[in-house]
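If you want the building blocks of each chain, they are given just below.
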Amino acid sequence: MGEAFGKGCHLHLIDGSAFIFRAYHALPPLTRKSDGLPVGAVAGFCNMLWKYVQEDAGSNAPTHAAVIFDHSSKTFRNEIYNAYKANRPEPPEDLRPQFPLTRDATRAFNIACIETEGFEADDIIAAYACRAREAGGRVTIVSSDKDLMQLVGDGVEMLDPIKNKAIGPDEVFEKFGVGPDRVVDVQALAGDAVDNVPGAPGIGIKTAALLIQEFGDLEALLERAGEIKQPKRRQTLIDHAEQIRVSKRLVQLDCNTPLDVPLEELGVQAPDPARLLSFLTDMEFRTLTNRVAEKLGAEAPAVKAAPQSEAPAAPELPAIDITGYETVTDMAALQTWVDAIREAGEVAFDTETTSLDDMRAVLVGISLALAPGRACYIPFGHVSGSDDLFGSAQPVAGQLPMAEVLAALRPVLEDASILKIGQNVKYDWKLLARNGIRMAPVADTMLMSYALNAGTHNHGMDELAERYLGHKCIPIKDLIGSGKSQIHFGQVAIDKAAPYAAEDAEVTLRLYRHFAPMLPAERVVTVYHTLEAPMIPVLGQMEMTGVKVDTQVLSRMSGAFAQKMAQLEDEIYGLAGGSFNIGSPKQLGEILFDRMGLAGGKQGKTGAFSTSADVLEDLAAEGHDLPARVLDWRQISKLKSTYTDALPTYVNPDTGRVHTCYSIAGAQTGRLASTEPNLQNIPIRTDEGRRIRQAFIAPEGHRLVSLDYSQIELRILAHVADIPALKQAFREGIDIHAMTASQMFGVPVEGMDPMIRRRAKAINFGVIYGISGFGLSRNLRIPRAEAQSFIDTYFERFPEIRAYMDRTVADAKADGSVRTLFGRRINTPGINQSGPAAGGARRAAINAPIQGAAADIIRRAMIRMPAAIEGMPARMLLQVHDELVFEVEENAVEPLIARAREVMEAAAEPAVKLSVPLVVDAGQGANWAEAH
DNA sequence: ACGCTCACG
DNA sequence: GACGTACGTGAGCGTA
């Protein structure tokens with residue numbers, strides 16, 4: 001049995017245990033519908049295996065493969081050192097029953113499944129790798145575990161399955177500072193907290209690598225430890241020599257581990273479709289089952305329905321078939337669809353247009369879907385040819401006129417009793433609004449996904465279809481191409497456009513049926529209905545209104561910037577002794593740190609010097625002129641290219657105004673994001689930059705009014721963390737940063753040193769972000785120890801904050817998500833990771849409920865605003881996270897401010913009664929600079 | 001396509 | 001004293 005293994009063969013060894021833990025932590029705790037068996041890790045494991053099997057590895061394709069598992073807690077290493085891996089926590093309760101299932105899964109995929117009682121997976125992998133190497137074959141270890149890196153080299157390499165990146169000797173060197181053959185020496189010295197390998201106290205990988213580089217190998221080092229210059233380090237190595245030798249035996253993998261299954265029997269075989277599908281069906285993995293069935297060309301057995309006690313299971317849906325859609329070309333057929341929509345009471349739809357920019361786009365067709373398999377496309381704006389030198393675009397024959405299509409659809413689109421279901425509805429809403437149709441009511445699958453899955457993944461249709469329907473949509477590029485030769489959708493032939501457009505409608509319908517029942521079940525139905533869906537008409541209207549921009553002001557500024565830049569360029573070239581591209585960080589770094597030999601050059605992971613403002617400011621402070629000039633140049637260059645030059649290109653020729661586009665589901669926390677152009681990052685912090693705001697103007701007879709929440713995030717923190725001192729200060733309306741400083745340093749608020757207040761302010765902000773001593777020290781440019789002692793004092797004085805942070809992180813770990821005061825859920829998939837990534841996930845989890853609640857509050861204000869200012873000669877134009885900008889007739893400025901302020905200050909109510917007041921500051925002027 | 005840098009809250 | 005380090009965004013530029 002089996003194929004001989006030798007030259008030309010390629011063995012893949014998959015680290016099964018790592019796969020399982022990765023899968024477990026990456027996925028929410030899924031259970032099998034029929035009996036509640038936890039299967040999340042099995043699902044993830046199967047997805048990873050399937051992806052691995054599917055991947056076309058080309059010349060790296062395996063001829064032999066096996067998945068290796070751990071099987072036992074006690075191994076020979078415990079005889080060497082009884083505390084080995086003693087720190088390992090027990091696997092979670094709901095993971096344990098999944099271990100045997102992952103073995104079954106491996107076998108179902110027809111991949112050899114290897115485990116041996118009393119041996120660790122790493123040693124088995126080592127033994128196979130050695131045998132394969134001896135036989136002259138190649139080996140790929142599918143894992144990113146650093147403990148396996150000692151095996152790399154001589155035809156053995158690793159593959160990080162997540163990053164899909166090969167790990168060879170170079171990458172090992174990057175990680176350990178030595179080649180694969182000396183990795184064990186470094187590990188022996190550095191030890192490993194996770195596996196409880198002691199190593200040498202106080203020696204980490206960096207130091208270990210230096211020592212090994214200097215002395216050649218571990219034995220030489222230990223014998224000649226007396227030669228080490230640093231006294232402390234020398235003593236450590238002498239004192240702990242034995243412990244280090246033991247550590248080496250712990251980290252050294254054993255190539256002589258007995259192998260129950262010989263190499264020859266690991267030959268790759270295609271999975272047996274029946275067996276694999278029966279396993280997946282048994283697990284009730286519907287999506288994966290369908291995907292696998294489709295690929296293997298086999299019939300997918302029906303996934304077992306949920307038991308009667310649950311809500312009745314949805315009937316099994318047929319796969320999406322894009323060949324059977326109708327193209328509507330006459331009024332009778334269209335009327336049949338309209339009647340059917342009335343009958344159904346809801347319809348999924350999608351609009352096709354000539355552009356992604358919804359303020360310039362022209363409608364070319366509409367697709368509808370009423371049921372799986374029942375969808376159509378109504379083309380009306382398709383053309384042949386294009387408007388160019390050689391002729392003009394001609395309408396394609398056989399289409400209904402747009403006016404008639406819209407007239408026929410208008411009654412259902414505006415019918416309050418018929419639900420219109422779309423994906424990213426704001427886009428379609430605006431196109432219809434531009435054609436005089438006020439569509440309502442609507443449901444948006446993108447926003448449903450956002451309410452359910454913020455933090456887990458993005459919410460574009462292609463991604464949702466693949467993830468939740470197991471369906472790959474036709475890529476738009478297949479129709480319109482890309483790059484220079486790209487055409488618009490109206491230029492696509494109707495017989496190609498129809499399946500694409502109708503598919504989108506059907507996918508939207510299926511996504512709606514998938515997500516809608518989950519909203520109440522996941523307790524985000526209120527968030528969806530009060531904070532997401534109502535934003536569609538509000539933002540749609542703001543975006544259509546746009547803001548007036550004075551391009552002449554910008555153009556004059558641009559000219560002045562150009563002059564100033566030219567002057568700075570001359571000075572910089574003079575100082576550098578030659579010209580170079582100042583805008584290239586690479587060239588600048590070489591000039592500063594190589595040519596001029598300045599100190600403080602720090603190289604990042606790409607090996608390039610950092611030339612960020614931080615670094616340049618330090619150099620400038622040491623008295624170097626060139627970095628100071630570059631800082632000036634950079635600032636002006638930024639203002640010119642991003643603002644004065646780019647903004648005028650966004651002025652819409654039809655309206656003469658700039659129409660940004662807000663993403664409702666872009667940020668993880670509930671904040672909006674503004675694009676094309678981004679009007680949420682217009683300069684204000686420097687005087688020069690602030691002048692850009694003079695170009696945002698009110699038309700004749702009008703004023704711009706800006707209202708912004710004062711300290712909203714700190715107020716929310718005071719409320720949710722329940723901090724009496726902070727709450728009282730806000731109630732009394734005193735300077736919050738001065739109060740903090742006074743409490744921390746015991747100085748009176750009266751006559752306070754501005755520096756002290758500045759520090760307190762930095763801490764107040766830092767705390768919202770999950771502060772560290774390092775971060776604060778860098779921000780304030782003070783020694784780390786000092787920064788740390790500030791933080792310690794702060795937590796001592798306001799102990800509720802530490803409690804809030806701990807509570808939030810604990811919730812995130814337990815639930816995989818955190819929530820805002822208003823119920824918005826933000827998933828925290830990375831929170832149970834270990835290593836450096838864990839810190840970031842922790843801070844994000846602490847910040848999300850605060851930033852998110854502030855976002856919820858201003859959303860609530862915006863949603864109420866149109867009704868509140870109804871009848872006033874005022875329009876809401878912009879949102880900048882804690883600020884709303886209005887355009888108002890001059891004589892109505894004061895009433896508008898009063899009304900809008902009232903709405904904003906009461907926006908949390910009645911859902912939440914905050915224990916601190918919300919305060920809104922207002923300003924007004926002829927332009928945004930004056931108003932703010 | 002990706003990293004760097006920098007604009008905002 | 002090993003390791004990395006403030007949260008959330010989008011745009012323009014240089015480089016590969």
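Residues numbered from 1 in each chain as written. Chains lettered and ligands numbered in written order. Predicted model: local features only at pLDDT ≥ 70, side-chain atom pairs only at ≥ 80, totals over all residues. Heavy atoms only, no water.

Visitor: What should I look at first to understand the overall build of chain A in this one?
Guide: When helices and strands are counted, chain A shows 38 helices and 25 strands. Against the compact-globule benchmark of 30 Å for 932 residues, chain A has a radius of gyration of 32 Å, which places it among compact chains. Taken over the C-alpha atoms alone, chain A extends approximately 90 × 80 × 60 Å along its principal axes. Of the roughly 42600 Å² of accessible surface on chain A, a fraction of 51% belongs to carbon and sulfur atoms. Put simply, chain A has 95 plus and 120 minus side-chain charges, and the middle of one group is 4 Å from the middle of the other. (Helix = DSSP H or I, 4+ residues; strand = E, 2+ residues; numbered from the N terminus. Rg over C-alpha atoms; globule rule 2.2 N^0.38 Å. Areas by Shrake-Rupley, 256 points an atom, 1.4 Å probe, with all protein chains shown as cover. Lys, Arg positive; Asp, Glu negative; His and termini not counted. Charge placed at Lys NZ, Arg CZ, Asp CG, Glu CD.)

Visitor: I tried to follow helix 18 (residues 461-469) on my own but got confused; where do I start?
Guide: Each α-helix turn comprises 3.6 residues. Residues three or four places apart therefore point the same way. Listing the buried residues of helix 18 in full gives Met 461, Leu 464 and Ala 465. For helix 18, the buried positions fall inside an angular range of 100 degrees around the axis, keeping them on one side. Tucked into the core, helix 18 has its buried residues touching helix 17 (445-453) and helix 20 (494-515). Following helix 18 by one or two positions, Gly 470 has its phi on the positive side, about 60 degrees. (Buried < 20%, exposed > 50% of the residue type's maximum accessible area, 1.4 Å probe, protein only. Arc of directions from axis to C-beta. Contact = heavy atoms within 4.5 Å.)

Visitor: Looking at this structure, I do not really get empty space enclosed by the protein. What am I missing?
Guide: Take a probe with the size of a water molecule and roll it over the atoms, and the empty space left behind shows itself. Taken as a whole and judged by the stated rule, the model has two cavities of 30 Å³ or more. Tyr 84, Asp 147, Asp 195, Leu 250 and Val 251 are the residues nearest the centre of the largest cavity, which is lined by 14 residues in total. Grouping the constituent residues of the lining of the largest cavity by class yields five nonpolar, two polar and seven charged. Computed from the structure, the second largest cavity encloses a volume of approximately 50 Å³. (1 Å grid on protein atoms, 1.4 Å probe; cavity = no way out; pocket = protein on both sides within 12 Å on 5 of 7 lines; lining within 4 Å. Points joined across faces, edges and corners; volume = space filled by probe spheres on them. Nonpolar A, V, L, I, M, F, W, Y, C, P; charged D, E, K, R; others polar.)

Visitor: How should I be thinking about the protein's contact with DNA strand B in this particular structure?
Guide: Around DNA strand B, the structure places 20 residues, and the nearest of them are Thr 611, Arg 634, Ile 684, Arg 685 and Asp 882. Here DNA strand B approaches the protein such that, of its atoms within 4 Å, sugar and phosphate make up 78%. In the environment of DNA strand B, a base nitrogen lies 3.0 Å from a nitrogen or oxygen atom belonging to the side chain of Arg 671. Within the contact set of DNA strand B, a sugar or linking oxygen lies 2.8 Å away from a side-chain nitrogen or oxygen of Asp 882. Counting residues per element, the surface near DNA strand B draws most heavily on helix 27 (residues 625-644), which supplies four residues. Its residues assigned to classes, the surface near DNA strand B comprises six nonpolar, nine polar and five charged. (Near = heavy atom within 4 Å. Polar contact = N/O pair within 3.5 Å; in protein donor to acceptor, adjacent residues only side chain to side chain.)

Visitor: Before we go on, may I ask you to explain the UniProt feature "domain: DNA-directed DNA polymerase family A palm" (unreviewed entry) in chain A in this structure?
Guide: In the numbering used here, UniProt assigns the feature "domain: DNA-directed DNA polymerase family A palm" (unreviewed entry) to residues 689-892. Segment residues 689-892 splits into 57% helix and 14% strand. End C-alpha atoms: 30 Å apart. (UniProt positions renumbered as here; feature names shortened; annotations may be inferred.)

Visitor: How should I be thinking about the domain arrangement of chain A in this particular structure?
Guide: Accessible area lost upon the coming together of the parts serves often as the stated size of an interface. Domain boundaries assigned for chain A yield domain 1 (10-266), domain 2 (326-522), domain 3 (547-658) and domain 4 (667-723 + 838-932). Look at where the C-alpha atoms of domain 2 and domain 4 centre, and you get two points 33 Å apart. (Domains from an automatic or database assignment.)

Visitor: Where do I start with the protein's contact with DNA strand C in this structure?
Guide: Not every one of the 34 residues close to DNA strand C is listed here, only the nearest: Lys 206, Ser 584, Gly 766, Arg 778 and Asn 779. The side chain of Arg 778 places a nitrogen or oxygen atom 2.3 Å from a phosphate oxygen of DNA strand C. Elements supplying a minimum of two residues to the surface near DNA strand C: helix 8 (205-215), helix 25 (585-595), helix 27, strand 18 (673-675), helix 32 (754-768), helix 33 (773-780) and helix 36 (836-868). The greatest single-element share of the surface near DNA strand C, amounting to four residues, is contributed by helix 36. Tallied by class, residues from the surface near DNA strand C come to eight nonpolar, 18 polar and eight charged.

Visitor: Just to check I follow, could you spell out the sheet that holds strand 9 (residues 363-371) for this structure?
Guide: By definition, the strands of a sheet pair up through backbone hydrogen bonds, in either a parallel or an antiparallel sense. If you trace the six strands from one edge of the open sheet to the other, you get 7-10-9-8-13-14, paired in mixed fashion. The strands lining the two open edges of the sheet, one partner per strand, are strand 7 (326-327) and strand 14 (442-444). By the bridge criterion, six bridges tie strand 8 (residues 346-353) to strand 9 in an arrangement that is antiparallel. Residue pairing across strands places Thr 353 opposite Leu 363, the latter belonging to strand 9. Along the sheet, helix 14 (residues 331-344) contacts strand 7, strand 8, strand 9 and strand 10 (374-379); its crossing angle with strand 9, the most-contacted strand, is approximately 45 degrees. Against the sheet, helix 16 (residues 425-434) engages strand 8, strand 9, strand 13 (419-422) and strand 14, with an angle of about 75 degrees to strand 8. (Pairing = 2+ DSSP bridges. Axes fitted to C-alpha atoms, helices over the stretch in contact; angles between N-to-C directions.)

Visitor: What should I look at first to understand the pattern of salt bridges in this one?
Guide: Should their charged atoms come close, side chains of opposite charge can pair. Tallied over the full model, the rule gives 37 salt bridges. One salt bridge in this structure joins Asp 185 and Arg 182, with 2.7 Å as the shortest N-O distance. Residue Asp 185 is classed as buried on the basis of its relative accessible area, which comes to 0%. By relative accessible area, which is 25% here, Arg 182 ends up partly exposed. (Salt bridge = Lys/Arg side-chain N within 4 Å of Asp/Glu carboxyl O.)

Visitor: Looking at this model, I keep getting lost on the nonpolar core. Mind explaining?
Guide: Taken as a class, soluble globular proteins show a tendency for nonpolar side chains to be buried jointly. Counting residues in hydrophobic clusters, the biggest one holds 187 residues, and the most contacted among them are Leu 368, Leu 409, Tyr 709, Leu 717, Ile 857, Met 862 and Phe 886. Of the residues forming this core, the biggest block, 10 residues, is contributed by helix 36. Discounting residues that sit within four places of it in the chain, Phe 886 has contacts with Arg 703, Leu 704, Val 705, Leu 707, Met 865, Ile 869, Arg 875, Met 876, Leu 877, Leu 896 and Ala 900. If you look at the next biggest cluster of nonpolar residues, it comprises 48 residues, including Ala 121, Val 156, Leu 218 and Leu 221. (Core = buried A, V, L, I, M, F, W, Y, C linked by side-chain atoms within 4.5 Å.)

Visitor: Just checking my understanding: could you explain the sheet that holds strand 25 (residues 920-925) for this structure?
Guide: Pairing is antiparallel across the open sheet formed by four strands, whose spatial order is 23-24-20-25. Two strands in the sheet have a free side with no partner beyond their single neighbour: strand 23 (874-879) and strand 25. Within this sheet the neighbouring strands show an average axis-to-axis angle of 25 degrees, counted without direction. Where strand 20 (residues 702-709) and strand 25 come together, six bridges link them in antiparallel fashion. Across the sheet, the residue bridging to Asp 708 is Asp 921, located in strand 25. Strands in contact with helix 36 are strand 20, strand 23 and strand 24 (883-889); relative to strand 24, the strand with the most contacts, it is inclined by about 20 degrees.

Visitor: Looking at this model, I keep getting lost on the pairing of strand 23. Mind explaining?
Guide: Where a strand is regular, its side chains alternate between the two sheet faces. For strand 23, the buried fraction is high: five of the six residues fall into the buried class. Both strand 23 and strand 24 contribute to a ladder of five bridges, which runs antiparallel. Within strand 24, the residue paired with Arg 875 across the bridge is Glu 887.

Visitor: Sorry if this is basic, but what is going on with the confidence of the model for chain A here?
Guide: Parts of the prediction with low pLDDT should not have their coordinates interpreted in detail. Averaged over all residues, the pLDDT of chain A is 90; the fraction at 70 or higher stands at 96%. Considering only residues more than four positions removed or in separate chains, one finds that residues 305-314, a stretch of pLDDT under 50, has six contacts. (pLDDT = per-residue confidence, 0-100.)

Visitor: Quick question: what am I supposed to make of unusual backbone geometry here?
Guide: The amide bond that connects Ala 440 to the next residue, Pro 441, takes the cis arrangement and shows omega of -10 degrees. Mapped onto the fold, Pro 441 is located in the loop between helix 16 and strand 14. The amide bond that connects Glu 676 to the next residue, Pro 677, takes the cis arrangement and shows omega of 0 degrees. In this structure, Pro 677 sits in the loop between strand 18 and helix 28 (687-690).

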